[in-house]
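# Observations on chain architecture
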Amino acid sequence: MIMCSALPALALALALALLQSSVAFDPIGWGSATHVSITGTALLKKLNETCKAVAESSGHEFNPTGPSEDDLVRACLGPTATGEVSAAKFRTALQEINIQNGLVDLNFVASAPHHFHSEAFLEGRGLITEGVVSIKANIQNHKASREMLGRVLHTLQDFYSHSNWVELGNTEPFANLIQPDLPIENIAAKDTATCSDCASGDCPNPILANILQENKLTSGYMESEKPKGKCSHGVAGDLTSAVEPRGGISKDKRRPGNEALHDAAVTAATSASLQLLEDIRGAAGDRDFLRLMGIARSSVLCFVIDTTGSMSDDIAVAKEVVYNIIDSKKGTQDEPSEYILVPFNDPDFGPRTRTTDPEVMKKEISKLKADGGGDAPEMCLSGLQMALTGAPAFSNIYVFTDATAKDIALKDTILALIRSTKSTVVSFFMTTARGRKRRSVTASFNDYTDLALASGGQAIHVTKGNLPEAIDIILDTSTSALVTVLQRSRSSGSETFPFLLDESLKKITLYIIGSQMIFTITNPAGVSQSNTQLSGSLGTITSVGNLWRIRLDDDKQTGNWKIQMASAQPYTLKVTGQSTITFIYDFVDAFKGPHPGYAPITGRPQAGRPAMLLLSVMGRKGPASVTVAEVGLIPVSRAEHVSRGSTTDMGNGDILVTVDAVPQGEFVVILTGTDSVSGSQFQRQSTTQMSVSKVIVTAVVDSSVEPGQMLSIPFSVMTEGSGGPCSINARNDREFPMTFPESVPLTTGQYANATLTITPPKDTPSGTDITLTIDAKTSASADSNYAVLRLSVVSKITDFVRPTCKVDRVAADDCPADVSQCASFRWDLSANVTDGNGTGIDRITLRQGDGVLSHSALTNLDIEASYNASCCSQIVEIVAVDKVGNVGTCYHSTAPPVGPTPTVPPVGPTPTVPAGGPPSLGLARPLWSLCLLLAAWMARS
């Protein structure tokens, strides 16, 4: 596999940092490239281009002031909004892509099409085509699209290392791999010999001369017996490489004699990745493409609102609260990148509304009215499930209800989704019910408390009258750069909790949930303030319902603080602030094979063995600006010391952590270190609680599903505990028909294999996303674990022809040769856009240019587009997207040409390329000057 590693050693700030070493290979320039370095280089270049285009269209310059991820995100979002900007979601998005890229070597190691082995060119292109179609159809399902993108990029990149494309003298990508309407021809026949024998096993180019002369396309065999005379892949573990013709044609690594071929494969794979990313960018649009990559001002803001009859008085208050939240975030860096609304009733819930426009969200909320219901319990957890499956990871979800949950059977599914998405159920606001009898309020409220605490949120109990007073907690928590310093819960008693505040923290707030509370806060200088001093020397204390909120003064002291708590009732404590010093993490397992690496665990880590984590740490000036002192695991609900982990620095802020003594029960990750910017020590804690299990559930989905068609999903279950029956419970958030065994017999240490099927109805819209959870619970010990899968429903597509965009006329004669005189003159252009016999044009937009674009009705077969601009704006790029995501472009410049437009040499007959060309040819302009500037900046710092 070309330049492989599943370790997500990501460098996101600049091109040089992206070319760092991974766990198995040397860094580029001194050894071999990796999938991580190739993907990272392509993503950074494409994101720079996209950010620059978005910034210019918004009227500001894209000019990062430093090398950190935060600098890149801040420059991309623009300088107009105030507030902190965190790059955590950006780094998470790229990590998800790279992880899935690497996992192809684990989950599909024996699949020839996934790696273009064994001359499986048509099948490999089929995987790329299916994956790209799925991404375009379901671009709003960020996690599923990122995972698919990682897998597709792996397969695409492997073509250049595993085939003889570069040996044939090609220096540009094979555009036909991402244009299914173009043929792949001249493939070497199965009975045609392609390689000479290499007794040493290390010959640079064993391709037969006649194959090169006839321009035949071939690739190495590895997983199966190779036909006579065929090339082998040629790496450790490739048994076919010992069978004549011996050796192999893999260019995965640099080795003596093949340096030029390896470098050529890297260059072509990088350019091909850029082409594919440009195609997806064109179909999605610049802003949705950036959101897919995690570049957005803040997390998604999601409201789940009870609309039953008993909420008739309360819903008006809830609406007003939501309006205030939306209005207060406008124009700040904390303005959400997207809004989601999920109403629930009894027995109905939904629909889910998604929008990036705050006014649209306010309009949708204004439509809510209270009716229905009758008995106290409602479908609250069904609504929460819809929110968790529809919102991206790390979203903030706010639930408004006055009743208990009728669908409490979903609790385990909700917990699995919380752990999978790391989203925070910030609060359940339970107002006083009217007109009906309440049932088991305390018990069900405890269920809400369990779910909120598991996510790192709070369960707040208020009445209708004081609900507006609780709005500050939502304003506090819906911020781009929110970090948690400390979170604990106790059943009762007295205890002192120390916590460390650093210089970077702003808007530091403590939240206490409980009743009959006594507490005292003490700063590093020994100054204290008790709960009876609402306005004291350290900050301001407010209380509403069961919530205490303590906002520390802005002139707080850095160092070791403490809060002494005393209560005869259960309580929770949380300390948060705003800072760009943060971390992201995944629990992982190591895997072996030709390309070893680390695979993220989708469920709970395995009990009885050390826990392994991969962390990425971010600082105010990049990962180099923080030094990590300690990483460990700590229980939230009981007093216990930190289970410290041993750390291995993987470079660029990535740390591999091994914890031998894993705490019992629920725990979180805690990290301490030093901020080099201020010299102060810092403390950070994850929010989502985790625990270990002796049960393991594994399942992999690599394809979409067509409406009306059944998809079979194999899964496996194993236990290190006692064997016996294991109950299986699977749910999907769309309530599509499924079949699966209700129980599987387990033998200790052995996997039991089973199959689940799911069938979306025939009328399911293309692009529908499905979140599927598989829960397994042993009867002997009631131990359980889960797997969470995301898949897309995609209608079968036969239209792969790009729209054509042809410039008909350009009137720029009035533009002066002296650019300094351009302001008083204008030029215009007209173009013809058509989709021929395809699905029809969906939209026509302006990619580059400061002028005005207009066009005739999109329902016309031939659409006339007109563009008018100042002579100071010399470049225009028009993008036409059809209804299935095929992209065509027009590009014109009134400036003198700087060089010829590159071409892509095809294999076989020359294809007919629509006007506008392949997605990135002549349009992708690397911003190496920016990369060099950032590299120089980093060197100076």
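For the structure itself, look to the data block above.
Everything in this summary refers to the structure shown in the same document. Remember, it's a predicted structure, so these values are computed and weren't measured experimentally. (Residues numbered from 1 in each chain as written. Predicted model: local features only at pLDDT ≥ 70, side-chain atom pairs only at ≥ 80, totals over all residues. Heavy atoms only, no water.)

Evaluation of the coordinates by the stated rule reveals eleven cavities of 30 Å³ or more. Taken as a whole, the largest cavity encloses approximately 560 Å³ of empty space. If you trace the largest cavity, you find 32 residues lining it, with Phe 394, Leu 482, Val 483, Thr 582 and Thr 687 closest to the centre. Those elements that provide at least two residues to the lining of the largest cavity are helix 4 (88–107), strand 5 (424–430), strand 6 (482–490), strand 15 (582–591) and strand 23 (681–685). It is strand 15 that provides the largest number of residues to the lining of the largest cavity, a total of four residues. (1 Å grid on protein atoms, 1.4 Å probe; cavity = no way out; pocket = protein on both sides within 12 Å on 5 of 7 lines; lining within 4 Å. Points joined across faces, edges and corners; volume = space filled by probe spheres on them. Helix = DSSP H or I, 4+ residues; strand = E, 2+ residues; numbered from the N terminus.)

Turning our attention to the packing of helix 6 (residues 121–137) against helix 7 (residues 142–162). It is at 9 Å that the axes of helix 6 and helix 7 come closest, and there the two elements cross at 155°. Compared by their axis directions, helix 6 and helix 7 come out roughly antiparallel. As helix 6 runs across helix 7, the sense of the crossing is left-handed. Together, Phe 121, Gly 124, Leu 127, Ile 128, Gly 131, Val 132, Ser 134 and Ile 135 of helix 6 and Ser 145, Met 148, Leu 149, Val 152, Thr 155, Leu 156 and Phe 159 of helix 7 make up the contact between the two elements. Of the residues in the contact of helix 6 with helix 7, the class split is ten nonpolar, five polar and no charged. (Axes fitted to C-alpha atoms, helices over the stretch in contact; angles between N-to-C directions. Parallel < 35°, antiparallel > 145°, perpendicular 65-115°, else oblique. Left-handed = near helix turned anticlockwise from the far one by under 90°. Contact = heavy atoms within 4.5 Å. Nonpolar A, V, L, I, M, F, W, Y, C, P; charged D, E, K, R; others polar.)

Glancing now at the layout of surface pockets. Considering only enclosed or pocket space, the second largest pocket measures out at about 1,200 Å³ in volume. Leu 103, Pro 600, Ile 601, Thr 602 and Gly 603 are the residues nearest the centre of the second largest pocket, which is lined by 50 residues in total. Per element, the largest residue contribution to the lining of the second largest pocket is eight residues, and it comes from helix 4. Considering only residue class, the lining of the second largest pocket consists of 27 nonpolar, eleven polar and twelve charged.

Here we take up the state of the cysteines. In the structure shown here, the tally under the stated rule is six disulfides. Sulfur-sulfur distance for the disulfide between Cys 195 and Cys 231 comes to 1.9 Å. Judged by the torsion about the S-S bond (95°), the Cys 195/Cys 231 disulfide is right-handed. With Cys 195 in the loop between helix 7 and helix 8 (209–213) and Cys 231 in the loop between helix 8 and helix 9 (259–284), this residue pair connects regions lying 36 residues apart in the sequence. What makes Cys 195 buried here is its relative accessible area of 8%. With a sulfur-sulfur separation of 2.0 Å, Cys 815 is cross-linked through a disulfide to Cys 871. Taking the torsion about the S-S bond as the criterion, the Cys 815 to Cys 871 disulfide, at about -80°, is left-handed. Here Cys 871 lies in the loop between strand 36 (862–870) and strand 37 (875–882) and Cys 815 lies in the loop between strand 32 (804–811) and strand 33 (826–834), a separation of 56 residues in the sequence. Look at Cys 815 and you get buried, because its relative accessible area is 19%. Cys 871 gets classed as buried once you look at its relative accessible area, which sits at 4%. Sequence-ordered numbering of the bonded cysteines in the chain gives a disulfide pattern of 1-2, 3-6, 4-5, 7-12, 8-10, 9-11. (Disulfide = S-S within 2.5 Å. Buried < 20%, exposed > 50% of the residue type's maximum accessible area, 1.4 Å probe, protein only.)

Another point: the packing of helix 7 against helix 9. Where helix 7 meets helix 9, the axes come as close as 8 Å, and the angle between the chain directions of the two elements is 145°. Relative to helix 9, the crossing made by helix 7 is right-handed. Note on element contacts: helix 9 touches helix 7 through Ala 265, Ala 268, Ala 269, Ala 272, Ser 273, Leu 276, Leu 277 and Ile 280, opposite Leu 149, Val 152, Leu 153, Leu 156, Gln 157, Tyr 160 and Ser 161. A per-class count over the contact of helix 7 with helix 9 returns twelve nonpolar, three polar and no charged.

Taking strand neighbours across the sheet as the criterion, the four strands line up as 28-26-30-31 in an open arrangement whose pairing is antiparallel. Since the sheet does not close on itself, it has two edges, and those belong to strand 28 (743–746) and strand 31 (784–792), each with one partner. Going from strand to strand, the sheet's axes swing by 25° on average, the running direction of each strand aside. Two strands pair when backbone bridges link them, and strand 26 (residues 724–732) and strand 28 are joined in this way by four bridges, in the antiparallel orientation. Bridge assignment links Pro 725 to a residue of strand 28, and that residue is Pro 745. Packing against the sheet, helix 14 (residues 411–421) makes contact with strand 26, strand 30 (769–778) and strand 31, and its axis sits at approximately 70° to strand 31. (Pairing = 2+ DSSP bridges.)

With that out of the way, let us pick up the sheet that holds strand 27 (residues 738–739). Here we have four strands laid out as an open sheet, ordered 24-25-29-27, and antiparallel in their pairing. If you trace the sheet from one side to the other, it starts and ends with strand 24 (695–699) and strand 27, each paired once. Bridge count between strand 24 and strand 25 (residues 711–719): five bridges; the pairing is antiparallel. Each residue of the ladder has a partner; that of Ile 696, found in strand 25, is Met 718.

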